[in-house]
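# Residue-level structural notes
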Amino acid sequence: MKALVGLAVALALNAVALAGATTASDAEQKVYVLSQDDGVLSVIDTGTDEIVGKIKIPGKPASFTISPAFGEAFATLPESGEIAVVDLRQQKLTRRLKIGGQPFGIASAGGRLFVGDWSANSVSVVDPQSGDIIRKLSAGRSPAHLVVTRDGSRLYVADREADSVAVIDTRRFEVLKEIPVGRAPFALALSLDEKQLVVANVQAATLSIVDTSKLQIVSSPATRAMPYGVAITHNDAEILVSNQQGGSISVFDAQTHAPRAEIKVGRYPEGLVALKNGSKAYVANWFSASVSVLDLKTNTEIKRIICPEGPRMVLAGATEH
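Here goes a summary of the coordinates provided.

Cut-offs used in this document
Residues numbered from 1 in each chain as written. Predicted model: local features only at pLDDT ≥ 70, side-chain atom pairs only at ≥ 80, totals over all residues. Heavy atoms only, no water. Helix = DSSP H or I, 4+ residues; strand = E, 2+ residues; numbered from the N terminus. Contact = heavy atoms within 4.5 Å. Pairing = 2+ DSSP bridges. Axes fitted to C-alpha atoms, helices over the stretch in contact; angles between N-to-C directions. Buried < 20%, exposed > 50% of the residue type's maximum accessible area, 1.4 Å probe, protein only. Polar contact = N/O pair within 3.5 Å; in protein donor to acceptor, adjacent residues only side chain to side chain.

Let's shift gears to the side chain of Ser290. Within the secondary structure layout, Ser290 lies in strand β26 (residues 290-295). Among residues more than four places away in sequence, those in contact with Ser290 are Val283, Ala284, Asn285, Arg304, Ile305, Ile306, Cys307 and Pro311.

In structure tokens, the structure reads:
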């Protein structure tokens, strides 16, 4: 289990699903940072770029997802086989769902949770209220990051030890295809139009750009060493990649896939997310216990926010009223 917990959690859930699932204004969007070592979910006000809340989560949470409709965050706890449920409005832990196994990557859509089981090589469809497992689906070895389309009909799973991405039809509960990618795929990002899936291959130091209509790789640009997080910016303009070994963020053109810029951040950057209004991005610096705030117009770090130890994953979202 130490090996599992030690894996970098660069699950930067793309802003697409969050932006599409809520009608809240940009001003209401918050950034949530999951610190694995201290077991804390921090809340950042994106207007002031200050931490305005800290929610204690038991154990060593690996990843989380946000359901704007429910106003809740769901964090996986691999060591206890549970999902911790956080009320984002009241900023408190409300319950724990026992689902068994080693839950790791997680995504939500259509009133359901999709949870990867790292050791069982499977994905469970889970009722977010009761914790009941509705269905179990086969996946490749060590399912890491999961992303789901806005309508919840298709799920993409990065199978880290299989060097592939599973494409799952969630209505028919079947795997449509296993797409071979680079070595050790981890983080995924889906474009706003859902026509492009970006895969960060950690050990290959490449991206795999997948055409989601053909389910084929159309481009494989090189990155810096150990790309652990990926996000797509406003209007599908740019791809952001966190380079863990180099302590930087690479910026690529999302259409041509050519490199544009590189931004220095803290030590061992992992999860990152771009605000839906295109102004800023936030990066979890695992070894620096901080979050870098990036100005996406100038491609510079404008602030570094100190946070609880072990920040590894960042999401942006707003709850519905």
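A separate point is the sheet that holds strand β23 (residues 259-264). Taken together, the 4 strands give an open sheet; going across it, the order is β20-β21-β22-β23, and neighbouring strands pair in antiparallel fashion. The strands lining the two open edges of the sheet, one partner per strand, are β20 (227-232) and β23. Pairs of neighbouring strands in the sheet enclose a mean axial angle of 20°, with direction left out of account. Direction of pairing for β20 relative to strand β21 (residues 238-243): antiparallel, over a ladder of 5 bridges. Bridging across to β21, Gly229 finds its partner in Ser242.

This paragraph deals with the side chain of Ser292. As for its position among the elements, Ser292 is in strand β26. The exposure class assigned to Ser292 is buried, which follows from its relative accessible area of 0%. Within the structure, Ser292 has its side chain in polar contact with the side chain of Asn285 (distance 2.9 Å). If we ignore the near neighbours within four places in the chain, the residues touching Ser292 are Val265, Gly266, Ala281, Tyr282, Val283, Asn285, Glu301, Lys303 and Arg304.

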